Amino acid sequence: MYRARTVLTNLVPLASLIPRAAPDRFASWILKSDHILCSITGTDIRHYSSSVATEPFLNGSSSAYVEEMYNAWLADPKSVHVSWDSFFRNSTAGAAPGQAYQAPPSLAEPGRNQLPITSLAPLLGAAGAPALGGQVNEKVIDDHLAVQAIIRSYQIRGHHIAKLDPLGISSADLDDKHPPELLYSHYSFGKRPSTTYSQHLQQKVASMMEQEGDMDRVFKLPSTTFIGGKEKALSLREILSRLENAYCRHIGVEFMFINSLEQCNWIRQKLETPGVMEISSEEKRLILARLTRATGFEAFLARKWSSEKRFGLEGCEILIPAMKAVIDKSTELGVESIVMGMPHRGRLNVLANVCRKPLEQIFTQFAALEAADDGSGDVKYHLGTYIERLNRVTNKNIRLAVVANPSHLEAVDPIVQGKTRAEQFYRGDGEGKKVMSLLLHGDAAFCGQGIVYETFHLSDLPDYTTHGTIHIVVNNQIGFTTDPRHSRSSPYCTDVARVVNAPIFHVNSDDPEAVMHVCKIAAEWRATFHKDVVIDIVSYRRNGHNEIDEPMFTQPLMYRKIKTTPHVLDKYSKRLIEEGVVTTEEVKDVRDKYEKICEESYLNARKETHIKYKDWLDSPWSGFFEGKDPLKVSPTGVKEDTLVHIGKRMSSPPPNAAEFVIHKGIERILRSRMEMVESRTVDWALGEGMAFGSLLKEGIHVRLSGQDVERGTFSHRHHVLHHQLVDKATYRPLCHLYPDQGPYTVCNSSLSEFGVLGFELGYSMTNPNALVCWEAQFGDFNNTAQCIIDQFISSGQAKWVRQSGLVMLNPHGLEGMGPEHSSARLERFLQMSSDDPDYFPPESEEFAVRQLHDINWIVANCSTPANYFHILRRQIALPFRKPLILMTPKSLLRHPEAKSSFDEMTENTQFLRVIPDQGPASQNPSSVKKLLFCTGKVYYDLRKAREERKLEGDIAISRVEQISPFPYDLIKKECAKYSNASLAWAQEEAKNQGSWTYVQPRFHTALSGSRDVRPPIQREGFFNKLFGGKSDDNATSQLDSPNTKPRIISYVGRPTAASPATGSKMQHLKELNALLDDALSL
């Protein structure tokens, strides 16, 4: 710049005007200043050479310098630098102080987002008439900046005034005010009007008419808009018109909060490009056909079963064509499998017209038919399905799964994500190109249920991401009877999606072509960026919450409007007829054809005599059950060489990596592990690692997930070693056991129980040949996931014929840590166990496995590493899958006596449901005075106290390791062994908690001769046929003779309590001593 800055800072007339804080930004200041009229000569860029170019023009030390330069200029203008020449010419022409200076042209090329003023020549109109030889008024610059600002404002806020409500009675964002940034008069083109929506419409027209000259001025378009297409400049009138069409008609888009210019520009191009929404007549006919089927299905159900609840889709029938558009575009882009989750509304229509489930199977659900399978079933609008079919539009095969779910809205979200992630994992689809998830939501639930937020926050975590989910909100603008203004505090129901930078497309449901357009954009967005995207279909609910509900009680005005609103099918049909795309006869023909299909299916359905739950299975395991003995369990013991190999790998630093610096504390842990392996013993962490490692050797995928599981809450696991000097450098020993082993995933989760437990349940449903474990940080925290436990894990098989081998690890035990770090609420899991407390099953060789087959889940509280090892391996060894609820230890992790020998884990060993006393009492059982039963950690407290009191010969202690299903046979055997002993159940939990209320009636059944109860007769169902679950007609009561005096079992433990544990360490010890005194009293 030839040191022009030096001159400028020393010129007296300008000195007071230049901002001192930023003298290096003077050029920007000149253009922005309100005090100076910019004098910029609009000529081509010129390049100069001067002998004094490297010299400063003014050093501030001589006040005569300017006068000397002026005199030299008067004598010969060419004798001074061109900048002085320009300055003196302007001064003598009468320019005011501060307006005479003209910056010299720059030798540099224009920077990014900069252009020479000459490029504006064609756009300046009269202002630049003198061939840019005169001055450019600052208003030209301001007006161009104003145009850029208004374009950006439409992109940011245009959705606020988009016509989204098909009823036309409210704004989707709960705000009728008009953002002032969207009024072109806000940018000095005219007067500022009021900012309400209606006033804006009136005053905007008036302002345009007043400023007709402004409206026809041509402006250069910035690089941040695509409204021009191939044109680089447009009139203001055309700019506003195109922006209105792109952002303020029936599509409103929120995307400018996304912190990626590439992604924002991608969306701008999809929305703004002229003609982007034009579609062919063939595509319009396809939309009409799909809309006809969606509407016809609901009408048929309403006609045939008018008084049945079905939670129909009336008012948002466009959802069906929308979903099909997403599926069409996704399959075109390479997706082969889509996992879907949705609420009850519209479910039957989705099953019929999106998944193409046979209509006969849907219609039979309305008939009161007996089930051909065992299980309790579920209502029709909760059922899932799994379909493989040809997509006729793309001519590609597609797998569609709709996951079964309860009425608990949004609870299915993380399960869908887990199932999707698992499918991607097993397919090797690391980028989510072949498998994707599609989630449907209601407006009130989407913003009201916290699980939505938890699920969103899994979306970009390395071990939980599904590489983008497409969310479709069926926005009825009401939640049951609650208005949106009372059900959310955010402008939109979709605002939760903003936290993960997901673009949000709001669209009017009564504009089918706009809906199809945003669905295609959403599918392309997901395929391009592999991030979440939300489609908010703003619609209405033509009936009440269900078909027999009266909505006029609470929304009279809304439903008066709905009654007079034509169906979207009628509107679209009329539009296409007017356009000449279809004829009235063609519209009628499409309707009649689908009506005929429904009638034929209805007649076939009436011939059915049973319903089949297995027809609604959402996660079939192809080939898993075939060829298996349904009551044969594979061995869980392994060769000692395997244990040694795994143990040594778990005890060693990374091989061939001497530079991998391990923490000193970890080095001590590894040394102690190696010592245990050499002495043929294992502690809890080593036993778990050997269970995982031996399954990995067999090719089984093992996944351990939860809060802090990599290290372990209690710093015992350490399955991920961290380099102490290099960030993100880690080593996972269990991933490097064998060259052809199964994959091992251990991953710290987000701080969520509901979301993550649901995710792991979905993951476990996909493949039975995987051990999927979720560990609570403390067992106490599992109750924030109670919905998943109650609605899915405990009852999933009974309702939906869906098995899962998920393992829940719940640290449990009263150790003086207070009420929130003591109890995993064992009693709740036992209370939900489905075995009959009054029924002693027939004793046979298959007693244990038949019990496991018949129950809904397994609840255990292991006290030895070996038993923990076996029960984990048994999950895979079983010929079926059941959830396993494990109470895991805390203090036992490092207890010197809580160790096991290799001899309890090698071949020919197995899980022990009951561990009998093996001390002096067992040698002389007839002299034993008291037999204590217990489970878990309290055994070690009891044993220590017994030793201190030298009662080893008088009191026997048996451990019940598997609490549910209850080991009747082994309990009966133990009691018979100690025939003279009194019986007691000892537990550390309060009397109304823990195992007592579960075991008490079952001990009574095992001991008493007064009950001869037969099991309920079971139907010859699908799973009974598969697993041989027949009732034994020859079974006799296994109880003692009725003449035998029944033995009773007494309770030893804390009294009833509202809180799981005391917060006082002193009180805890006092209660523990009282428990031990009571248990060991004779």
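Notes on the structure follow. In this text the structure is predicted, and so the values were computed from the model without any measurement. (Residues numbered from 1 in each chain as written. Predicted model: local features only at pLDDT ≥ 70, side-chain atom pairs only at ≥ 80, totals over all residues. Heavy atoms only, no water.)

## Topic: the sheet that holds strand β20 (residues 858–860)
- Overall, mixed pairing links the seven strands, which are arranged β17-β14-β18-β19-β21-β20-β26 in an open sheet. Looking at the sheet topology across the chains shown, the edges are occupied by β17 (744–748) and β26 (962–964). Here the strands of the sheet are splayed against their neighbours by 20 degrees on average, with no regard to which way each runs.
- Its contacts with the sheet place helix α31 (residues 865–877) against β18 (770–775), β19 (807–811), β20, β21 (884–888) and β26, and it is angled at close to 165 degrees to β21. (Pairing = 2+ DSSP bridges. Helix = DSSP H or I, 4+ residues; strand = E, 2+ residues; numbered from the N terminus. Axes fitted to C-alpha atoms, helices over the stretch in contact; angles between N-to-C directions. Contact = heavy atoms within 4.5 Å.)

## Thoughts on the pairing of β21
- With five of five residues buried, β21 is to be regarded as a mostly interior element.
- As paired strands, β19 and β21 are joined by five bridges and run parallel to one another. Note on β21: the bridge partner recorded for Pro811 is Thr888.
- In this structure, β20 lies alongside β21, joined through three bridges in parallel fashion. By the bridge assignment for β21, Ile858 is matched with Leu884.
- Read from β20 through α31 to β21, the crossover connection turns out right-handed. (Buried < 20%, exposed > 50% of the residue type's maximum accessible area, 1.4 Å probe, protein only. Right-handed = clockwise from strand over helix to strand, strands pointing away.)

## So, the sheet that holds strand β4 (residues 337–341)
- Judged by pairing direction, the sheet is mixed, and its eight strands sit side by side in the order β3-β10-β11-β9-β8-β4-β7-β6 without closing on themselves. Two strands in the sheet have a free side with no partner beyond their single neighbour: β3 (251–254) and β6 (385–391). Between one strand axis and the next, the sheet turns by 20 degrees as a mean value, whatever way the strands run.
- Two elements, strand β10 (residues 504–508) and strand β11 (residues 533–538), share five bridges in a ladder whose sense is parallel. By the bridge assignment for β11, Asn508 is matched with Val538.

## Remarks on helix α11 (residues 281–304)
- Look at α11: 34 Å from first C-alpha to last across 24 residues, which is about the 34 Å you get at 1.5 Å a residue.
- Of all the residues in α11, the buried ones are Lys284, Ile287, Leu288, Arg290, Leu291, Thr292, Ala294, Thr295, Phe297, Glu298, Phe300 and Leu301.
- Where α11 is buried, its residues touch α12 (319–332), α13 (347–354), α14 (359–364), α19 (512–529), α21 (568–579) and α22 (584–605). (Expected span 1.5 Å × (residues − 1).)

## A short note on the pattern of salt bridges
- Applying the stated rule across the entire model yields 45 salt bridges.
- The residue Lys972 makes a salt bridge to Glu843 at a minimum N-O spacing of 3.3 Å. Of this pair, Lys972 sits in helix α34 (residues 968–977) while Glu843 is found in the loop between α29 (826–831) and α30 (847–854), placing the two residues 129 residues apart along the sequence.
- Classification of Lys972 by relative accessible area gives partly exposed; the value is 24%.
- Measuring nitrogen to oxygen at the nearest pair gives 2.2 Å for the salt bridge that ties Glu897 to Arg943. Note that Glu897 is positioned in the loop between β21 and β22 (900–901) and Arg943 in helix α33 (residues 938–948), a separation of 46 residues in sequence.
- The partly exposed category is assigned to Glu897, whose relative accessible area is 37%.
- Residues participating in the shared-partner salt-bridge network are Lys284, Asp511, Glu513, Arg575 and Glu579. (Salt bridge = Lys/Arg side-chain N within 4 Å of Asp/Glu carboxyl O.)

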